[in-house]
Amino acid sequence: MSTPTLVPLHEKDSFHVLADPDGGQPLKREGDLLVSSSGRTFPVVREVPRFVSSDLYVDSFSFEWNTHSTTQLDSHREDQSSTEIFTAKTGLTEDDVRGKLVLDAGVGAGRFTEVLSRWGAQVVAVDLSYAVEAAQKNFGHLKNVLVCQADIGNLPFANGTFDFIVSIGVLHHTPDTRKYFARLPRLLKPNGEIAIWLYPKEGDYLLRNAWIPFTHKIPDRLFYRFCRVLVRWAHRSPDRLALALLRRMFPFSNQGLGVENDVLDTFDGYSPRFHGIHSPEEVTQWFLDLGLVDVRGLPWNTAVRGRRPVEG
Amino acid sequence: MEKDSLAKSSLPGGPVSRVLDFLSFAAVSAYLSLVLAFLLLSGRLKPGFSLKSAFLSALAGARRRRRPLGRRRLTRMVAEQGHCFVSALPWGLVSDEQGRSRLKLYEDGQPLGPAHSLHETVRLQGGGAFSHWGNSIYFSTSDNRDPSTSGRGYEIAEEE
């Protein structure tokens, strides 16, 4: 693996890891703007560099993560649930990432960025949605975390920037999962690794796929209130036969991590505009098609990891 | 940009919000009922639901009037993910999907647990954790060895 990045991320006057998303030119900070040598400028709002002018098709995530900005954080839950999920879905450990530059592609409120930060990684946390407000509020004070708002399809980094890229439960919410995934490996340094997890083509995910074209059109606040009543009812009366029958057609969350988590997860399951489902074989083939090596499935279904080879 | 992001802040609580919650629930339920009818009639939704399963679920709902399941040996045990193995169970038992399972799991006569575990916990930690979900038991062994090759016997029973 390449030498760890030694320059702390939190040099706000330089944002040295960022580059013009189109030309790759380095960016220089001038006041509340990042200026590219091409003349393009990008605003820095509340110390978050912005490379998009809106949250485009992910408004439900903007709402969701600002409403539940701490629900899934280990520090808030006082457990290790996000750490365990991160380890299972990426196979990465503290020793792997300590001192390394890691891209968290699709940060949300930052449950996995928190794990990486705690493990001593230098984390660049990106999201297209206004979830970056929640992530910045949670982690903006940390020296090893940089949050920015950008599109995974057009990220503001030069090729060969990162030691690791993780994207857990994110790419299936883009318009074309494979196409957006294909834009990530070039950002890895030679020998850098990428780990992703996508919705599998099975079980509840299949059922939800039928609902999504209809549920994503419901206004976020209206649907969130629906989820809040439904899940609280289910928690109060878990023995009801009606709930068991309903779950067979409209599966909703029951992860054993509390009501708030289940409200969040149920909303999360039905509100996004895009909801791709994929088989592990399909995802593994994407890695191979892009020339990644050491491609391996992880114990969690559709969690796949691979390495960018050393070129030449 | 700031205006947009501030507009997406969290919902307030309180009694007015509760009323709005229930009005929203009624409105969305009505809409989703129509969507459900469309999905079922068009064949786009295949939830594996049938009159047979409804009947069996109804039987499960009447579990208090039914004698609990006595000890029964698990035969076919298939590796799922991580430390988790899965085995099919008799129909009509109340699982944690429907309510509160009363299933116990034994390894060579010794009870395993904890029951009602998250599948993630079973997969990642194992150590005897198990979950009764639907018509299957998702379980791990005390030392995370493969139950089909370890030579040990695995039994289930419902508590009285």
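Worth saying up front: this structure is predicted, and the values here are computed from it rather than measured.

(A) Just the overall build of chain B, in detail. In terms of helices and strands, chain B carries 4 helices and 8 strands. Listing the helices and strands of chain B from first to last along the sequence gives α-α-α-β-β-β-β-β-α-β-β-β. The burial tally for chain B puts 43% of its 160 residues in the buried class. Summing over all exposed atoms, chain B offers an accessible surface of approximately 8,900 Å²; the carbon and sulfur share of this is 56%.

(B) A look at the overall build of chain A. Helix and strand content of chain A: 12 helices and 11 strands. Over its C-alpha trace chain A gives a radius of gyration of 19 Å, about what one expects of a compact globule, namely 20 Å for 312 residues. C-alpha atoms of chain A, sized along the principal axes, occupy 60 × 40 × 35 Å. Residues classed as buried in chain A amount to 60% of the 312 residues present. Within chain A, contacts between residues at least 6 apart in sequence are counted, and of these 67% link residues at least 24 apart. Per element, the accessible surface of chain A, about 11,400 Å² overall, is 51% carbon and sulfur. When the 35 positive and 38 negative side-chain charges of chain A are each reduced to one mean point, those points stand 3 Å apart.

(C) The arrangement of a nonpolar patch on the surface in detail. On the surface, a cluster of nonpolar side chains totalling about 370 Å² of accessible area is made up of B:Val16, B:Val19, B:Leu20 and B:Leu23. You can see B:Val19 is positioned in helix α2 (residues 15-41).

(D) Focus on the sheet that holds strand β11 (residues 303-307) of chain A. Residue and element names in this part refer to chain A. If you trace the 7 strands from one edge of the open sheet to the other, you get β7-β6-β5-β8-β9-β11-β10, paired in mixed fashion. One side of each edge strand has no neighbouring strand; the edge strands of this open sheet are β7 (145-149) and β10 (293-297). The average angle at which neighbouring strand axes cross in this sheet is 15 degrees, direction not considered. The sheet contact formed by strand β9 (residues 188-197) and β11 spans 5 bridges and is antiparallel. From the neighbouring strand, Ile196 faces β11, where its bridge partner is Val304. Its contacts with the sheet put helix α3 (residues 81-90) on β8 (162-168), β9 and β11, and the angle it makes with β8 is roughly 110 degrees. On top of the sheet, helix α6 (residues 131-139) reaches β6 (122-127) and β7; it is set at about 165 degrees to β7, its chief contact.

(E) Molecular detail of the confidence of the model for chain B. Residues and elements named next belong to chain B. For chain B, the mean per-residue pLDDT works out to 80, and 76% of the residues sit at or above 70. Averaged over each element, pLDDT in chain B is lowest for helix α1 (residues 2-6) (36) and highest for strand β4 (residues 103-107) (94). Here the complex is predicted with pTM 0.76, and the ipTM for its interfaces comes to 0.85.

The rules behind the values
Residues numbered from 1 in each chain as written. Chains lettered and ligands numbered in written order. Predicted model: local features only at pLDDT ≥ 70, side-chain atom pairs only at ≥ 80, totals over all residues. Heavy atoms only, no water. Helix = DSSP H or I, 4+ residues; strand = E, 2+ residues; numbered from the N terminus. Buried < 20%, exposed > 50% of the residue type's maximum accessible area, 1.4 Å probe, protein only. Areas by Shrake-Rupley, 256 points an atom, 1.4 Å probe, with all protein chains shown as cover. Rg over C-alpha atoms; globule rule 2.2 N^0.38 Å. Contact = heavy atoms within 4.5 Å. Lys, Arg positive; Asp, Glu negative; His and termini not counted. Charge placed at Lys NZ, Arg CZ, Asp CG, Glu CD. Patch = residues over 30% accessible without salt bridge, like charges linked within 9 Å, V, L, I, M, F, W, Y side chains within 5 Å. Salt bridge = Lys/Arg side-chain N within 4 Å of Asp/Glu carboxyl O. Pairing = 2+ DSSP bridges. Axes fitted to C-alpha atoms, helices over the stretch in contact; angles between N-to-C directions. pLDDT = per-residue confidence, 0-100.

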